[in-house]
Amino acid sequence: INEEKKILELIQLYRSCECLWNPQSPEYDSASVKEDAWRQITCRLDRGLTPDQVKLQVLALRNYYDKECAAIEQSQIQGHIYVPRRSYFQALHFLSDPSAPMETNEVSPLIR
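Remember, predicted model here, so these are calculated numbers, not experimental data.

## Re the packing of helix H1 (residues 3-16) against helix H3 (residues 51-78)
Part 1 of the reasoning: Close contact between H1 and H3 brings their axes to 11 Å; oriented N to C, the two are set at 95°. The orientation of H1 with respect to H3, classified from their angle, is roughly perpendicular. Note on element contacts: H3 touches H1 through Val-54, Gln-57, Val-58, Leu-61 and Arg-62, opposite Ile-7, Leu-10, Ile-11 and Tyr-14.
Part 2 of the reasoning: Residue classes in the contact of H1 with H3 are distributed as 7 nonpolar, 1 polar and 1 charged.

## Considerations on the packing of aromatic side chains
Part 1 of the reasoning: Under the counting rule described, the total for this entry stands at 6 aromatic pairs.
Part 2 of the reasoning: The ring of Tyr-28 has Lys-34 sitting right over it, with the charged end atom 4.2 Å from the ring centre.

## Considerations on the side chain of Thr-42
Part 1 of the reasoning: With respect to the helices, strands and loops of the structure, Thr-42 is situated in helix H2 (residues 31-45).
Part 2 of the reasoning: In this structure Thr-42 comes out as buried when scored by relative accessible area, which is 10%.
Part 3 of the reasoning: If near-sequence neighbours (up to four positions away) are discounted, Thr-42 is found in contact with Leu-49, Thr-50, Pro-51 and Val-54.

## Overview of the side chain of Ser-75
Part 1 of the reasoning: Following the sequence through the fold, Ser-75 ends up in helix H3.
Part 2 of the reasoning: The residues touching Ser-75, leaving out its near neighbours within four places in the chain, are His-80, Ile-81 and Tyr-82.

Calculation notes
One numbering rule holds for all chains: residues counted from 1, following each sequence as written. Whole-chain, interface and lining totals are the exception, using all residues; otherwise, since this is a predicted model, local features are given only for residues with pLDDT of at least 70 and side-chain atom pairs are given and counted only at 80 or more. Heavy atoms from the whole structure form the basis of all side-chain values; hydrogens and water molecules are not counted. Every axis corresponds to a line fitted to the C-alpha atoms, with the helix fit spanning only the stretch in contact, and the corresponding angles, defined between N-to-C directions, vary from 0 to 180 degrees. In DSSP terms, a helix is any run of H or I states spanning at least four residues, a strand is any run of E spanning at least two, and both are numbered starting from the N terminus. In what follows, roughly perpendicular refers to angles from 65 to 115 degrees, roughly parallel to angles under 35, roughly antiparallel to angles over 145, and oblique to any angle outside these ranges. The criterion used for residue contact is that any of the two residues' heavy atoms lie within 4.5 Å. For this classification, the nonpolar set comprises Ala, Val, Leu, Ile, Met, Phe, Trp, Tyr, Cys and Pro, the charged set comprises Asp, Glu, Lys and Arg, and every other residue, Gly included, is treated as polar. Two rings from Phe, Tyr or Trp (for Trp, the six-membered ring) form a pair when their centres are within 6.5 Å of each other. A pair whose planes differ by under 30 degrees is stacked, one over 60 is edge-to-face, and the rest are tilted. By definition here, charges over rings are those cases where NZ of Lys or CZ of Arg is within 6 Å of the ring centre and within 35 degrees of the ring normal. Classification of residues uses two cut-offs on accessible area relative to the type maximum, computed with a 1.4 Å probe and protein chains only: under 20% is buried, over 50% is exposed, and between them is partly exposed.

And the structure:
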């Protein structure tokens, strides 16, 4: 499995656990539900990582997404087009629009 597919799998698993990223989720403020979600994601990835290592990977993806969004905005101000560098940029758009529906081919939710 190549690196981009691994990253997309992580993004899909993370997205399926709204309690981790969506402030409108009823479980967003529940530390125990969030910890369970991180453990389930870690288990489903089955890569020998700890939940803390998975959290760091997600943090890196979130930082990447924020930087790319800022670069797009800056390029529009300057009058040119900026194209994100990674193919998985689109898969992270749910972070800016929590109400966007999941695509049918995505991983089923672990926790609702």
